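Okay, here's what each chain looks like letter by letter:
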Amino acid sequence: MHSSGIFKESFKEIRQRHLEELAELDLVDLPLVRKPRSGYNDLVQWTKDSQAQIQAGIVNRVFGGETGSPIDFNNAFMAFMESAAMYLRDTSLVIQAVETWRRGNKSGALELLERSTAQIDELADMWGMRFIVICDLIEKHPDGHHIIVGPYCGAFVPKDFTANPFIGVAFKGTGVTEEVINDLLATLTIRVPEQFLFGGQISRGFYYPMFSTYSGQPFSEPFTLVKKAIQNISSSASTTVITHVTGHSLGAAYASLCYAQLMMEGTATEKAALGDLYTFGSPRVGRGDLAAPLKAAVTAPCGSAWRIVNDGDYVTKVPASPPWPFSRDPFIHVDAPYTIYKNAKPVPGRSEIGTHPTWAIPTPWKPHETDEYYKSLTFATTGRRLSGYDDLQMAVGVLGGVDYFKHAASRSVDRRLVDSVKLQDFAVISTQCAFSIDSVDQCARGIFQMGSLVGEITAWGDATGIVSDGVTLYCNSLKDLYGMNTQCVFRVTSPKEVNVVFVADGVAVAAAVVTTKSEVQDVHLEGICTWE
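Note on numbering: residues in each chain are counted from 1, in written sequence order. Where totals are concerned, whole chains, interfaces and linings use all residues; where local detail is concerned, this predicted model gives features only for residues with pLDDT of at least 70, and gives and counts side-chain atom pairs only at 80 or more. Side-chain measures were taken over the full set of non-hydrogen atoms in the model, leaving aside hydrogen atoms and water.

### Some remarks on the side chain of Thr100
To qualify as a helix, a DSSP run of H or I must reach at least 4 residues; to qualify as a strand, a run of E must reach at least 2; elements of each kind are numbered from the N terminus. If you trace the backbone, Thr100 turns up in helix H6 (residues 91–102). In what follows, a contact means two residues having at least one pair of non-hydrogen atoms within 4.5 Å. Sequence-distant contacts of Thr100, that is, excluding residues within four places in its chain, are made with Asn105, Gly108, Ala109 and Leu112.

Shown next as structure tokens:
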């Protein structure tokens, strides 16, 4: 029997409880009134291209076996897809649902709330699953911060729940400014009561949103809502329901704390058993007095805690303690990592327990993005390397075809201006920069990234062979580049060197020198670069 019949009342009860809680909040200052994050088309394409991994994960119930079993990256891939889908919520419909509920139209409100997850529902349907929201949209933090949001969490269950009973509890990652502020507050820790998280020292920005009530209202904290949802969904099962927990970025931090507390308390129902934890790009959530007891507690018959780290992901290195001799109780990850790569097999890492991780030099944000995790997980599960070419073929169609790229290069730049540029005339020189570009059918897309500064290139021409082995950016002011739309021209200056000149209003405002891994022939590539 499909879950559509089994869960009709359970899902309705969860949605109704969710609306009752949201109706108590003050919507005036609600920070999450945003359109869904882009990426739906990407996730649809990933689903079509990755049916084998998805179905293998579902057959396994996203469970690799009792503690001590080896990791199955098909399970990790399925959990990642759940985590990535959580970015697609339409919060504007949630606001309408709450307002409709307050007017007394409960059936209309429930319909709007269900529609708010339409894109997630469509993806789940493609996987043979269903999705239900558990909690989200908390507008006032119990610690007095009005701009900090609580965790947005949902559950994925297979349609064929009777034959294959499992639940995927997924948390949303960082998506808006308020959540970034929440991440920053993570550097402050508190020692929590013994009944929570082994009484360890936990990052405040992660602990409070998960284990506190909100806005002075008497309804339950998010963790209890997760337990209630597991109980509701499991109530119709005839066999044990395996529950895994997952999240990306901030969602990974919430997932880690949720899993640790479920490890302490259990699921409060004999029909549900705790399976695996899969986190992607997780920051550190606490100090050693959380990591050590959690590692000791992860024993059979529970599953395993898997922390997946994409090569170069800086977020997994924060928060960190300062490199001072008197610094004590460092931030420690709760489990050992598996580092994944776009062109190499995953490599298991060592636990940080007993070590003293300190500050690391910030690196580009790109390896933390979900599309980069997708490429590396694809290699981990299939051995197939995804180049930018694969992504670009889809982008050409989404952006409007070849004409879109031709238009990007329609405003030609005076070559005399390009040739006259002298790198020594720029005041700022930075080697802490990353660059990549790909092209198909003369349509090229590329990206420069230096810390939070990102330049997105759309160009017309052939970028074949431009594989960066290092890049240096020259400009007069990084600050001035933010928000600027520039024309860009590529030119080969030596067999393994390509210069890029960025022009705005007839003035060269920046330049880059890209060292290539192999020799490059003459390049005819022009377009636009938007700096954000």
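### Observations concerning the sheet that holds strand S16 (residues 453–461)
Each pair of strands is called paired provided DSSP finds at least two bridges between the two strands. An order of S13-S17-S20-S19-S18-S21-S16-S15-S14 is seen for the 9 strands of this open sheet, with the pairing classed as antiparallel. What marks the edges here is a single partner per strand, and that holds for strand S13 (428–430) and strand S14 (434–440). Averaged over all pairs of adjacent strands, the angle between strand axes in this sheet comes to 20°, irrespective of strand direction. Where S13 meets strand S17 (residues 468–475), 3 bridges bridge the pair, whose relative direction is antiparallel. What sits directly across from Ser430, in S17, is Leu473. Here an angle of 0 to 180 degrees is reported between the N-to-C directions of two axes, which are lines fitted to C-alpha atoms, with helices fitted over the stretch in contact.

### Description of the sheet that holds strand S1 (residues 129–135)
With respect to topology, 8 strands assemble into an open sheet ordered S1-S2-S3-S6-S7-S9-S11-S12, the strand pairing being mixed. The sheet is open, and its two edges are formed by S1 and strand S12 (347–348), each paired on a single side. Two elements, S1 and strand S2 (residues 153–158), share 6 bridges in a ladder whose sense is antiparallel. By the bridge assignment for S2, Phe131 is matched with Phe156. Relative to the sheet, helix H8 (residues 118–127) contacts S1 and S2, its axis offset from that of S1 by approximately 140°.

### Some remarks on the pairing of strand S9 (residues 305–310)
A simple rule labels every residue: compare its accessible area, found with a 1.4 Å probe on the protein chains alone, to the largest value its type can have, and call it buried under 20%, exposed over 50%, or partly exposed in between. By the criterion of burial, S9 is predominantly enclosed, with 6 of the 6 residues buried. A two-sided burial pattern is seen for S9, the buried positions comprising Ala305, Arg307 and Val309 on one face and Trp306, Ile308 and Asn310 on the other. As judged from the 4 bridges shared by strand S7 (residues 272–280) and S9, these two strands associate in the parallel manner. Paired with Tyr278 across the bridge in S9 is Trp306.

### Examining the environment of Pro357
Assignment of secondary structure puts Pro357 in the loop between S12 and helix H14 (370–382). With 35 residues separating them along the chain, Pro357 and Pro322 place their C-alpha atoms 8.7 Å apart. When residues no more than four places from it in sequence are discounted, the contact partners of Pro357 are Arg284, Ala320, Ser321, Pro330, Phe331, Ile332 and Glu352.

### Concerning the packing of helix H10 (residues 204–211) against helix H12 (residues 250–265)
Relative orientation of the contacting elements H10 and H12 amounts to 60°, with a least axis distance of 10 Å. One element, H10, and the other, H12, form an angle in the oblique class. Like other packed secondary-structure pairs, H10 and H12 cross with a definite hand, here right-handed. Between H10 and H12, the residues in contact are Gly205, Phe206, Tyr207, Pro209, Met210 and Phe211 and Leu250, Ala253, Tyr254, Leu257, Cys258 and Gln261, respectively. Each angle gets one of four labels, with under 35 degrees taken as roughly parallel, over 145 as roughly antiparallel, 65 to 115 as roughly perpendicular, and the rest as oblique. It is the rotation of the near helix from the far one that decides the hand of a crossing: anticlockwise by less than a right angle makes it left-handed, clockwise makes it right-handed.

### Regarding the nonpolar core
Put simply, buried Ala, Val, Leu, Ile, Met, Phe, Trp, Tyr and Cys residues joined by side-chain atoms within 4.5 Å make one nonpolar core. Counting 48 residues, the largest nonpolar core has Phe171, Leu197 and Val245 as its most contacted members. Looking at this core, the element that brings in the most residues is H12, giving 10 residues. Judged by nonpolar contacts, the second largest core, of 40 residues, contains Trp46, Ala79, Tyr278 and Leu386.

### Description of the pattern of salt bridges
In what follows, salt bridge is the name for a side-chain nitrogen of Lys or Arg lying within 4 Å of a carboxyl oxygen of Asp or Glu. Counted by the stated rule, this structure contains 8 salt bridges. We note a salt bridge from Lys342 to Glu372, for which the minimum N-O separation is 3.2 Å. Taken together, the residues span a long stretch of sequence, with Lys342 in the loop between strand S11 (337–340) and S12 and Glu372 in helix H14 at a distance of 30 residues. For Glu372, a relative accessible area of 3% corresponds to the buried category. One salt-bridge network, held together by shared partners, links Lys342, Glu372 and Lys375.

### Overview of the confidence of the model for the chain
Taken as a whole, the chain shows an average pLDDT of 80; of its residues, 80% reach a score of 70 or greater. Here helix H9 (residues 177–184) is the element of the chain with the lowest mean pLDDT, 45, and helix H5 (residues 73–85) is the one with the highest, 97. Scored from 0 to 100, pLDDT reflects the predictor's confidence in each residue. pLDDT under 50 marks residues 176–185. Its contacts with residues more than four places away, or in other chains, come to 27 contacts.

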